[in-house]
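# Examination of the molecular architecture
Each chain is listed here by its residues.
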Amino acid sequence: MKFLSTRNSNLKISAREAIVRGISHDGGLFVPESFPKFDISENLNLKYTDLAHKILSLYLTDFDSHELLKIIEESYASFEDEIAKVAYKKDFYLELYHGRTSAFKDFALCLLPNLLSYAKKSLGIKDKTLILTATSGDTGKAALEGFYNTENIDILVLYPTEGVSAIQKKQMTSTDSLNSKVIAIDGNFDDAQAAVKKIFNDEDIKEKLKEKNIYLSSANSINIGRLLPQIVYYFYVYADLVREEKISCGHKISFCVPTGNFGDILAGYYAKKMGLPVEKLIIASNSNNVLTDFFKTGTYDANRELKKTISPSMDILVSSNLERLIYHKSSDELVKEKMKELAEKHIFEFKDDFSEFLCGYASEEETKSTIEKTFREDNYLIDPHTAVAKNIVDKLGLKNTVILSTASPYKFSSSVLSALGENISQDEFENIDELYKISGVKIPSEIKKLRDKKIIHKTKINKDEIENEVLEFAKRPKRISVPATSANLGPGFDSLGLALNLYNTSEFKISDDIENFKDNLKNNLIYKAYAHTFEVYKEKIVPVEFKLESKIPMSRGLGSSATCVVIGIMAAFDVMNRSLDKKEILKIATDLEGHPDNVSPAIFGGATASLLDDDKVFVEKFKISDKIKFLALVPDFKLSTELARKALPDSYSKKDFVFNISHLSLLILSLISGDKENIKIALKDKIHEPYRFKEIPEIDEIEKIIDESPAIAQYLSGSGSTIMILLDKRDKDSEKFIKNKLEELNGKYLLLPLEVDSRGAFII
Ligand SMILES: *Cc1c(COP(=O)(O)O)cnc(C)c1O
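Residues numbered from 1 in each chain as written. Predicted model: local features only at pLDDT ≥ 70, side-chain atom pairs only at ≥ 80, totals over all residues. Heavy atoms only, no water.

Under the annotation held in an unreviewed UniProt entry, the protein carries the name Homoserine kinase and is attributed to Peptoniphilus gorbachii. For the record of the protein, the UniProt heading Subcellular location (unreviewed entry) holds the text "Cytoplasm". We quote the UniProt Cofactor (unreviewed entry) comment for the protein here in full: "pyridoxal 5'-phosphate". (UniProt positions renumbered as here; feature names shortened; annotations may be inferred.)

### Concerning the pattern of salt bridges
Evaluated as defined, the whole model comprises 43 salt bridges. For Arg100, the salt bridge identified is with Glu145, shortest N-O distance 3.7 Å. Here Arg100 is found in the loop between strand E5 (92-95) and helix H4 (106-109), whereas its partner Glu145 is found in helix H6 (residues 138-146), with 45 residues between them in sequence. The buried category is assigned to Glu145, whose relative accessible area is 16%. (Salt bridge = Lys/Arg side-chain N within 4 Å of Asp/Glu carboxyl O. Helix = DSSP H or I, 4+ residues; strand = E, 2+ residues; numbered from the N terminus. Buried < 20%, exposed > 50% of the residue type's maximum accessible area, 1.4 Å probe, protein only.)

### Quick notes on the nonpolar core
One finds Phe255 and Phe295 to be the most contacted residues of the largest nonpolar core, which totals 128 residues. When residues in this core are grouped by element, the largest group, 14 residues, is from helix H10 (residues 224-243). Counting 33 residues, the second-largest nonpolar core is a separate cluster that includes Val482, Val566, Ile569 and Leu586. (Core = buried A, V, L, I, M, F, W, Y, C linked by side-chain atoms within 4.5 Å.)

### Describing the UniProt feature "domain: GHMP kinase C-terminal" (unreviewed entry) in the protein
Here the UniProt feature "domain: GHMP kinase C-terminal" (unreviewed entry) sits at residues 671-742. For residues 671-742, the helix share is 46%, the strand share is 14%, and the end-to-end C-alpha distance is 27 Å.

### So, the site of the ligand
Among the 15 residues in the neighbourhood of the ligand, the closest are listed as Lys105, Asp138, Gly260, Asn261 and Asp264. Residue Asp138 places a side-chain N or O atom 2.5 Å away from an oxygen atom belonging to the ligand. Relative to its unbound accessible area of 380 Å², the ligand is 97% covered by the protein chains. Each residue belonging to the shell around the ligand can be placed in one class, and the counts come to five nonpolar, seven polar and three charged. (Near = heavy atom within 4 Å. Polar contact = N/O pair within 3.5 Å; in protein donor to acceptor, adjacent residues only side chain to side chain. Areas by Shrake-Rupley, 256 points an atom, 1.4 Å probe, with all protein chains shown as cover. Nonpolar A, V, L, I, M, F, W, Y, C, P; charged D, E, K, R; others polar.)

### Concerning the UniProt feature "domain: GHMP kinase N-terminal" (unreviewed entry) in the protein
As recorded in UniProt, the feature "domain: GHMP kinase N-terminal" (unreviewed entry) lies at residues 524-606. Helix makes up 55% of residues 524-606 and strand 8%, with an end-to-end C-alpha separation of 27 Å.

### Description of the sheet that holds strand E16 (residues 460-461)
In spatial order, the strands read E9-E6-E7-E8-E16; together these five strands make up an open sheet with parallel pairing. Of all the strands in the sheet, the pair left with one neighbour each is strand E9 (214-217) and E16. As defined by bridge partners, strand E6 (residues 128-134) adjoins strand E7 (residues 153-160) across six bridges and the pair is classed as parallel. Each bridged residue has a counterpart across the sheet, and for Leu130 the counterpart in E7 is Asp154. (Pairing = 2+ DSSP bridges.)

### Here we look at the side chain of Ser495
Mapped onto the elements of the fold, Ser495 is located in the loop between strand E17 (478-487) and strand E18 (496-510). The class of Ser495 is buried, set by a relative accessible area of 17%. Here Ser495 is in contact with Asp597, Thr608, Ala609, Ser610 and Leu664, once residues within four sequence places are set aside. (Contact = heavy atoms within 4.5 Å.)

### A word on the packing of aromatic side chains
Scanning the model with the defined rule gives 34 aromatic pairs in all. Ring plane angle 85 degrees and centroid distance 5.2 Å describe the contact between Phe38 and Phe235, whose orientation is recorded as edge-to-face. One end of the pair, Phe38, is in the loop between strand E3 (30-32) and helix H2 (48-59); the other, Phe235, is in helix H10, and 197 residues separate them in sequence. The burial state of Phe38 is the same as that of Phe235; both residues are buried. Centre to centre, the rings of Tyr537 and Phe573 are 5.7 Å apart; their planes meet at 85 degrees, and the pair counts as edge-to-face. In this pair, Tyr537 sits in the loop between helix H22 (525-536) and strand E19 (544-550) while Phe573 sits in helix H23 (residues 560-575), placing the two residues 36 residues apart along the sequence. Relative accessible area serves as the criterion here: at 18%, Tyr537 is assigned to the buried category. A network of ring pairs unites the aromatic residues Phe262, Tyr269, Phe294, Phe295, Tyr300, Phe348, Phe350, Phe354 and Phe357 as a single cluster. Positioned above the aromatic ring of Phe573 is the side chain of Arg578, whose terminal nitrogen or guanidinium carbon lies 5.9 Å from the ring centre. Between Arg759 and the ring centre of Phe762, over which it is positioned, the NZ or CZ distance is 3.9 Å. (Phe/Tyr/Trp six-rings, centres within 6.5 Å; stacked < 30°, edge-to-face > 60°. Lys NZ or Arg CZ within 6 Å of the ring centre and 35° of its normal.)

### Describing helix H30 (residues 699-708)
Counting along an α-helix, one turn takes 3.6 residues, and residues three or four places apart therefore face a common direction. Considered for burial, the residues of H30 that qualify are Ile699, Ile702, Ile705 and Ile706. Buried residues of H30, seen end-on, are gathered within an arc of 125 degrees and therefore sit on one face of the element. Seen from the open side of H30, the exposed residues pointing more than 90 degrees away from its buried face are Asp700, Lys704 and Asp707. Along its buried surface, H30 packs onto strand E22 (628-635), strand E23 (713-716), strand E24 (723-728), helix H31 (734-742) and strand E25 (749-754). (Arc of directions from axis to C-beta.)

### A closer look at the sheet that holds E25
On the basis of which strands lie adjacent, the open sheet formed by four strands has the order E23-E24-E22-E25 and antiparallel pairing. Looking at strand neighbours, the two that pair on one side only are E23 and E25, the edges of this open sheet. Taken pair by pair, the neighbouring strands of this sheet meet at an average axis angle of 25 degrees, ignoring direction. In terms of strand pairing, E23 meets E24 through four bridges, oriented antiparallel. The partner of Ala713 across the bridge, within E24, is Leu726. In this fold H30 packs onto E22, E23, E24 and E25, with an angle of close to 5 degrees to the strand it touches most, E24. (Axes fitted to C-alpha atoms, helices over the stretch in contact; angles between N-to-C directions.)

### What about H31?
Those residues of H31 that sit buried are Ser734, Ile738 and Leu742. Across the axial projection of H31, the buried residues extend over an arc of 55 degrees, all falling on one side. Turning to H31, the residues buried within the fold contact E22, H30, E24 and E25.

Laid out in structure tokens, this is it:
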């Protein structure tokens, strides 16, 4: 399958190239050269990810099929519960908001970054990509999550100070990834969008970025990699309707889509072109009803004021994806002409047969009363965007229509509450609680967590400061992030280890302060590891400066020294311009640490078994079951590694030896399967814990507390003093229980809820 530009159909490029480029040089958007057929009647029982694989394979023909499936499965693992859920009410609602950021944008934006990374890697592109995105609320956060700490891709999001909802704003400004910056820009969405477009057309800035091997790209729905994943759910909901016996296979069905940039509904048009039995596609607008006017009159007139509504993600006057539809209905020449008129006069005329579409728009009052009516009559809670669509369905008197439900009502709690006639609070989180009380609808877990998140991004600028922000962002130093590790794991003495989602992160840059560098070389582990790596490769050392931001408690058996060693080595690799071969890094790190059990998981992530034989390191990574999470109980005192080693005997009985190897084998397998009963037994150890636990005061009381809680089991992390507790993922009680009980003891303890980090060390 080739992709063409809407403004030059002679330009034919592969899917990978189209995804990397985002937009064509001629200003056009990429479209597939043809629509492959897909017969849903033969694919009615596929699960979402398999269906996505089948459909996307028809377009992404230059992706390795096996890799594509892996990418799809990993991307959609971020969804809570079901990926696409269908609610059968008076109408059929396709709930598209169970992804990480609670809006339908997640469907494409969890996948696009991984498609882009794969495309760049397989095409051998090493340049950095800077994603520059203007958002009316939902795209921004979905893109920030999708590109979370993606190597070699940075993301800068601009949102308008006026217009985004309180939750959308908090979602964006609390993003803690190392590759992101979120900026508020004075004005509305059109101002933010215009500022971004200006940068894209600024040759001077592009040249300055190019000197640093940085290229601009966009996460807005002009990228074909955002459009294609959205085709899948049209087929999916159709199959679900057939399975639920709401329709018989082959029966035509209509879809009503709340529309802004025309991306979502265009995916429906593509599904129809591929053979999905579609009756009508219904374009639902809010009071920014440019599209409705266009489909009714043939005139696209953007000469009007953008109105601020309670459905802000549709507050758009220039719907980029309409260009694709016009191309499919006409030719590249005509598109060029119309888009020129739009750019110059903000208006154009285009008439064609649009009989597959219907359209309508809802006023603010209609949107609110639809929320209220749907809740009262159907006991179903919808957000303002979905309400716009529902209102059009009612006004057109349509039955058996699928309404695309694009956002969780909790993202717009105050608007929804006031539509229901309730009082609203200044504190949006109180509105969320109130909405829960009234509706009983589950609050998405990411929105729940948002309450306690710190605001990280506070920059607010006006339009003409954006260039400077982009250049400053591009200039910032690189950073290395390395996860905490927990070694030994019961019987896995000196062999097992796992990485946890708590990180030491260090900035580094070349420095000309030689004296300071020399001082640091004497007593700082990061600098020592850095220098050692230069020695290993017999290269001349380059002075650098590190700035460590440490989150991992020191000398508590959580691998903080291993992180320093890894940071130093990786920085050296980067400065020497060596490719980051993780096995090479492990060799040097093991050399410095003396043993591989902490550095292995720190470098590779996940759980590892590793050993040193004849001075060579051997390592295998394995995946701990998703059913398990961790709780680190960190005492306020250290146990010296040396003392902890001395506490151990020189020899063990055969009985103890057999005890440990049998428990170790069961432990590895049960950590993989997640069998709690087996894990509890298998974590017992006779080599080090009986001797080392003695060094911890109050250990008997602590063990008793853990025993009484619903926790699975515990082990001594590294050589202590942290005690690592394993919990069932759904266990909500243990942490509180243990915390309360610990308060009755004399010692001071910190409790850190943690999960496995599967990625390991990385540079951004
Ligand atoms: C983006 C968005 C829309 C509009 O989708 P388009 O693809 O831009 O037409 C509708 N509802 C919500 C909640 C959105 O975030």
